[in-house]
Amino acid sequence: VWADVAADGFMVWVAHREPIEKRGKMQTLVYSCSKLGQIAINIIILFGFSGPQMNCPGFEPDPSVACTTNVQVTKRVDHEAYQR
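Notes on the structure follow. Just so it is clear, the model here is predicted, and its values are computed rather than measured.

**Brief notes about the overall build of the protein chain**
Helix and strand content of the protein chain: 4 helices and 0 strands. Reading the protein chain from its N end, one meets helices and strands in the order α-α-α-α. Relative to its full complement of 84 residues, the protein chain shows a buried share of 7%. Accessible surface for the protein chain amounts to roughly 7,400 Å². Of this, 65% is attributable to carbon and sulfur atoms.

**Some words on a nonpolar patch on the surface**
A cluster of nonpolar residues, L36, I39, I43, L46 and F47, forms a patch on the protein surface that exposes about 560 Å² of accessible area. Following the sequence through the fold, L36 ends up in helix α2 (residues 25-48).

**Here's the deal with the side chain of E18**
Topologically, E18 is positioned in the loop between α1 (2-16) and α2. Notably, E18 is buried but unbridged: the nearest opposite-charge side chain belongs to R23, and the N-O separation is 4.9 Å. Apart from the residues lying within four places of it in its own chain, the contact partners of E18 are R23, G24, K25, M26 and Q27.

**Focus on the environment of D8**
Examined against the element boundaries, D8 turns out to sit in helix α1. The class of D8 is partly exposed, set by a relative accessible area of 24%. Considered as a pair, D8 and Q27 are 19 residues apart in the sequence and their alpha carbons are 8.9 Å apart.

**Some details on α1**
For α1, built from 15 residues, the straight-helix expectation of 21 Å at 1.5 Å per residue is met to within 8% by its first-to-last C-alpha distance of 21 Å. Taken residue by residue, α1 has M11, V14 and A15 as its buried positions. Viewed along the axis of α1, the buried residues span an arc of 95°, placing them on a single side of the element. In this structure, α1 carries W2, V5, A6, F10 and H16 as exposed residues pointing more than 90 degrees from its buried face. Taken together, the buried residues of α1 touch α2.

About the thresholds
All residue numbers refer to positions counted from 1 along the written sequence of the respective chain. Where totals are concerned, whole chains, interfaces and linings use all residues; where local detail is concerned, this predicted model gives features only for residues with pLDDT of at least 70, and gives and counts side-chain atom pairs only at 80 or more. Side-chain measures were taken over the full set of non-hydrogen atoms in the model, leaving aside hydrogen atoms and water. Numbered from the N terminus, helices here are DSSP runs of H or I no shorter than four residues, and strands are runs of E no shorter than two. Burial here depends on accessible area, computed with a 1.4 Å probe over protein chains only, as a share of the maximum for the residue type. Under 20% is buried, over 50% is exposed, and the range in between is partly exposed. For the area figures, the Shrake-Rupley method with a 1.4 Å probe applies, and any residue is considered shielded solely by the protein chains shown. Put simply, a patch holds well-exposed residues, over 30% relative accessible area, that have no salt bridge, with like charges counted together within 9 Å and Val, Leu, Ile, Met, Phe, Trp or Tyr side chains within 5 Å. Every case where a carboxyl oxygen of Asp or Glu lies within 4 Å of a side-chain nitrogen of Lys or Arg is listed as a salt bridge. Charge convention: Lys and Arg are scored as positive, Asp and Glu as negative, and His as well as the terminal groups of each chain are ignored. By definition in these notes, contact holds between two residues if any of their heavy atoms fall within 4.5 Å. Each residue after the first adds 1.5 Å to the expected span of a helix. Directions from the helix axis toward the C-beta atoms define the arc.

Structure, rendered in structure tokens:
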């Protein structure tokens, strides 16, 4: 957050010193780079850190082995296994 605020402050400082003919170019550059960076990081998080190994403690690649041994969690997920 601090880096974003500092970058915005610097961008405003530079933008005030831009000639009229180039007005708005610095804002376009700064916000375009910022959004491209956010998109790149979101893609890395989406494809790199969203697999079952990351989201399921005790992940087992074998589907016959339960992901967790907590009965309350398993009961909510797999109703058929815990019908009485």
